[in-house]
Amino acid sequence: MFVLASASVGIIYLSLKAGKAVEGRVALEYGSLGNPNDLAAALLICLPFVIYVILDRTRNALIRFAFSGLSIMILLTIIKTGSRASLLVLGGMGLVIFFKTGLANKAKLIACSALVIAFLPIFVSKDMLSRYATTFSSTYADESSDTAVSAMQSTYARKELMKNALILTFRH
């Protein structure tokens, strides 16, 4: 578990060192993590292992503290990728953690979530916030920008893919 959690350090390092912005979205310049959605998915896979290390009371306190900082960096990087599906997965993970923890940890989770939401506009551009707004709606505040066109096309393509998947499921 610790080794898998530590792998996220490499991904974060690469995204900071060799990262680039594609339409304002963080991705790597090369490799399979060159797509912002793939980068966010890789970080989402690492996140439960990082949380495990943080919650492991047998682990050194300094290591747990370091992995707490790493989890914040993972969350910020995921948010900067602009992946709407990853944002939904983060919400789902947060709900699972919320219902699996005790009352004291629920209060901590609510406080941390409130802090993340409060500081979100500082770390994320207006275009990215508007992109996230298209998660459930196909309208976009500034329809003239390239980011707006990309987000609307992505939303439309995903809706079509979902329709085709449902049709195929009912057919078979």
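**Observations regarding helix α1 (residues 2-17)**
Each α-helix turn comprises 3.6 residues. Residues three or four places apart therefore point the same way.
Alright, step 1. When the terminal C-alpha atoms of α1 are compared, their 23 Å separation across 16 residues agrees well with the 22 Å that a helix rising 1.5 Å per residue should span.
Alright, step 2. Within α1, the full set of buried residues consists of A5, S8, I11, I12 and S15. Projection of α1 onto a plane perpendicular to its axis shows the buried side chains occupying an angular sector of 100°, all on one side. In α1, the exposed positions angled more than 90 degrees off the buried face are occupied by V3, Y13 and K17.

**Some words on the packing of α1 against helix α2 (residues 36-55)**
Alright, step 1. Remark: α1 packs on α2, axes separated minimally by 8 Å, with the N-to-C direction vectors making an angle of 135°. Comparing their axes, α2 and α1 come out oblique. Note that α1 runs across α2; the crossing there is left-handed. Residue-level inspection shows F2, L4, A5, S8, I11, I12 and S15 of α1 in contact with α2, the latter providing L39, A42, L43, C46, F49, V50 and V53.
Alright, step 2. Tallied by class, the residues present in the contact of α1 with α2 amount to 12 nonpolar, two polar and no charged.

**Description of the pattern of salt bridges**
Alright, step 1. Going through the model one piece at a time under the given rule, you end up with two salt bridges.
Alright, step 2. D56 serves as the salt-bridge partner of R59, at 3.7 Å between the closest nitrogen and oxygen.
Alright, step 3. Put simply, E160 and K163 hold a salt bridge, and the shortest N to O gap is 3.0 Å. Taken as a pair, E160 and K163 lie in helix α7 (residues 146-171) at a separation of three residues, close to a single helical turn.

**A few points about helix α4 (residues 84-100)**
Alright, step 1. Between its first and last C-alpha atoms α4 spans 25 Å; for 17 residues at 1.5 Å apiece the expected length is 24 Å, and the two agree.
Alright, step 2. For α4, the complete set of buried residues consists of R84, S86, L90 and M93.

**Comments concerning the nonpolar core**
Within soluble globular proteins, side chains that are nonpolar tend to cluster in buried spots.
Alright, step 1. I11, L43, V50, F67, I74 and I78 are the most contacted members of the largest nonpolar core, which totals 22 residues.
Alright, step 2. Secondary structure elements with two or more residues in this core: α1, β2 (25-28), α2, α3 (61-81) and α4.
Alright, step 3. The greatest single-element share of this core, amounting to 10 residues, is contributed by α2.
Alright, step 4. Among residues more than four places away in sequence, those in contact with V50 are A5, S8, F67, L70, S71 and I74.

About the cut-offs
- Residues numbered from 1 in each chain as written.
- Predicted model: local features only at pLDDT ≥ 70, side-chain atom pairs only at ≥ 80, totals over all residues.
- Heavy atoms only, no water.
- Helix = DSSP H or I, 4+ residues; strand = E, 2+ residues; numbered from the N terminus.
- Expected span 1.5 Å × (residues − 1).
- Buried < 20%, exposed > 50% of the residue type's maximum accessible area, 1.4 Å probe, protein only.
- Arc of directions from axis to C-beta.
- Axes fitted to C-alpha atoms, helices over the stretch in contact; angles between N-to-C directions.
- Parallel < 35°, antiparallel > 145°, perpendicular 65-115°, else oblique.
- Left-handed = near helix turned anticlockwise from the far one by under 90°.
- Contact = heavy atoms within 4.5 Å.
- Nonpolar A, V, L, I, M, F, W, Y, C, P; charged D, E, K, R; others polar.
- Salt bridge = Lys/Arg side-chain N within 4 Å of Asp/Glu carboxyl O.
- Core = buried A, V, L, I, M, F, W, Y, C linked by side-chain atoms within 4.5 Å.

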